[in-house]
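Each chain is listed here by its residues.
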Amino acid sequence: MKNLKLFSIITVFVLFGQFSFAQTNNKNDFSDVEVSIKYYNRTIFYPGNAEDNPINIHITIKNNGLDTLRFKLADDRRFSLDFNAYTSKNNLVEQNVELIEKRTTNQTVYFREIALENGEEYSFIENLKDYINIQDPSVYYLEMNFYPELYKSKFISLKSNRLTLEIRPSTSVAASTFVPVEDNSATILKPEQLAPDKVVEQTIIARQKSLWDQYFLYLDVESLLKRNSSQKKKYISVSAEERERMIAAYKADLMQSRIENDIIAVPEKFQIQKTTYTPTEGTVTVIEWFKYPNYSEKKSYVYKIRQREGIWTIYDYTVVNLGTE
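Okay, the overall build of the protein chain next. A count of helices and strands for the protein chain gives eight helices and 13 strands. A burial count over the protein chain gives 40% of its 325 residues as buried. When contacts within the protein chain are restricted to residue pairs at least 6 apart in sequence, those whose partners lie at least 24 apart make up 67%. By element, 49% of the accessible surface of the protein chain is carried by carbon and sulfur atoms, the whole surface being about 19100 Å².

What follows is about the pattern of salt bridges. In this structure the tally under the stated criterion is 16 salt bridges. The closest approach of N and O atoms between Lys 226 and Glu 222, which form a salt bridge, is 3.4 Å. On the basis of relative accessible area, Lys 226 is assigned to the partly exposed category, the value being 26%. According to the relative accessible area criterion, Glu 222 is partly exposed, its value standing at 31%. A salt bridge links Lys 299 to Asp 262; the shortest N-O distance between them is 3.6 Å. Taken together, the residues Lys 299 in strand β12 (residues 296–308) and Asp 262 in helix α8 (residues 261–264) connect sequence positions 37 residues apart. On the basis of relative accessible area, Lys 299 is assigned to the buried category, the value being 11%.

Judged by pairing direction, the sheet is antiparallel, and its four strands sit side by side in the order β10-β11-β12-β13 without closing on themselves. Edge positions in the sheet fall to β10 (269–277) and β13 (311–324), since each of these pairs with one other strand and no more. Taking the axes of each pair of neighbouring strands and ignoring which way they run, one obtains an average angle of 20 degrees across the sheet. Summarising the sheet, β12 and β13 pair through eleven bridges and their orientation is antiparallel. Looking at β13, one finds that Glu 297 is bridged to Thr 324. Packing of helix α3 (residues 196–208) onto the sheet brings it into contact with β10, β11 (281–291), β12 and β13, and relative to β10 it is tilted by some 155 degrees.

Close inspection of predicted coordinates is inappropriate in any region flagged by low pLDDT. Looking at the protein chain, pLDDT values average 83 and 85% of them are 70 or higher. Here helix α1 (residues 2–24) is the element of the protein chain with the lowest mean pLDDT, 40, and β11 is the one with the highest, 95. Below a pLDDT of 50 lies the segment residues 172–188, which in the model reaches 32 contacts outside its immediate sequence neighbourhood of four places, other chains included.

Turning our eyes to something else, we now look at the environment of Leu 128. Among the secondary structure elements, Leu 128 is positioned in the loop between β6 (121–127) and β7 (138–146). Leu 128 sits in the buried class, given a relative accessible area of 0%. Leu 128 sits 16 residues away from Met 144 along the chain, and the two C-alpha atoms are 9.9 Å apart. Ignoring any residue separated from it by four or fewer positions in sequence, one finds Leu 128 in contact with Ile 55, Ile 57, Phe 83, Ile 134, Leu 142 and Leu 165.

Here we come to unusual backbone geometry. One non-glycine residue, Ser 210, lies in positive phi territory at about 55 degrees. Looking at where Ser 210 falls in the secondary structure, it is placed in the loop between α3 and α4 (212–215). A relative accessible area of 44% places Ser 210 in the partly exposed class. For Glu 309, which is not glycine, the phi torsion reads 55 degrees and is therefore positive. Considering the arrangement of structural elements, one finds Glu 309 in the loop between β12 and β13.

Moving on, we get to the pairing of β7. Looking along a regular strand, one sees the side chains alternate between the two faces of the sheet. By the bridge criterion, six bridges tie strand β4 (residues 81–86) to β7 in an arrangement that is antiparallel. Across the sheet, the residue bridging to Leu 81 is Phe 146, located in β7. Bridging between β7 and strand β9 (residues 163–167) involves five bridges; their strand directions are antiparallel. Residue pairing across strands places Tyr 141 opposite Thr 164, the latter belonging to β9. Pairing between β7 and strand β8 (residues 158–159): two bridges, direction antiparallel. Bridge pairing links Phe 146 to Leu 158 in β8.

This paragraph deals with the packing of aromatic side chains. Evaluated as defined, the whole model comprises twelve aromatic pairs. Here the aromatic rings of Tyr 39 and Phe 45 are separated by 5.5 Å at their centres, their planes lie at 40 degrees, and the arrangement is tilted. Side by side, Tyr 39 and Phe 45 carry an identical accessibility label, which is buried. Each ring, one from Tyr 147 and one from Tyr 151, has its centre 5.8 Å from the other, and the planes form 70 degrees; the classification is edge-to-face. For Tyr 147, a relative accessible area of 5% puts it in the buried group. Among the aromatic side chains, those forming a connected cluster through ring pairs are Trp 212, Tyr 215 and Phe 216. Note that Lys 269 overlies the ring of Trp 289, its terminal NZ or CZ placed 5.1 Å from the centroid. Stacked on the ring of Tyr 315, the Lys or Arg Arg 306 has its end atom at 4.1 Å from the ring centre.

Conventions we followed
- Residues numbered from 1 in each chain as written.
- Predicted model: local features only at pLDDT ≥ 70, side-chain atom pairs only at ≥ 80, totals over all residues.
- Heavy atoms only, no water.
- Helix = DSSP H or I, 4+ residues; strand = E, 2+ residues; numbered from the N terminus.
- Buried < 20%, exposed > 50% of the residue type's maximum accessible area, 1.4 Å probe, protein only.
- Contact = heavy atoms within 4.5 Å.
- Areas by Shrake-Rupley, 256 points an atom, 1.4 Å probe, with all protein chains shown as cover.
- Salt bridge = Lys/Arg side-chain N within 4 Å of Asp/Glu carboxyl O.
- Pairing = 2+ DSSP bridges.
- Axes fitted to C-alpha atoms, helices over the stretch in contact; angles between N-to-C directions.
- pLDDT = per-residue confidence, 0-100.
- Phe/Tyr/Trp six-rings, centres within 6.5 Å; stacked < 30°, edge-to-face > 60°.
- Lys NZ or Arg CZ within 6 Å of the ring centre and 35° of its normal.

Right, here's the structure in full:
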């Protein structure tokens, strides 16, 4: 019995010694390595569909130490890093099935060794959806683990900063019927801090229902008026009181369909295709269908939006005819 206990103790020390040897024998000190992630092209993210709606993450490895940093980077980056997404209840989102299969299949992993001097950094971009299976709209918390000696030596792991990831419900061709505003005058209505795509969606729905107060809620009428060069020239030369009259007259002309026929056209249905934005500017691309007695017309609208004091508004747009159906 004593011999068995002695053998167990020796075994523990041997294993500990091997682990310590592996760490002390490692040529690199990764304590001064900074691993950071950010969104490459911030947009509206939806579940599934990794190709049409990727979540591209910009990854940076930086050497903050004085010595040369050397690490391995696999040609297939899935052998060099992991993404972890957590729900608000701290539940871990499942990994992509393809990722699991790839890592459990015997194969040769090709890599190259990267050398960074003090202050140098190396960056690349990966699609988050190639790593984890995001199916439900929600808010997630995203982190990344980088393996400088590849995945099979993942006892050496460097953790990144944390990002907040918002996954929105998938859009459908049919427009939503929900408009969370009141059926009163625009003096009572107040714009909300909505996402850019929701601003455009609610504006189109309000037009479909002829709810003019709601329709103008997220329109920068002044900027739309100044799209006309002669109107712009007059607008900037008159008094503040006259400008108010010009805006009121412009709204009346829109409601009577006397001007800007494209912006006030009523689509039978619409589909938001793409949304991209920076902290202050963005665009929302929408396919809209218009029904006539003998045919239907399809158009692509690109709404230009900007953010002021937390509120996004539509200030310009372009339209391209896509033919009839």
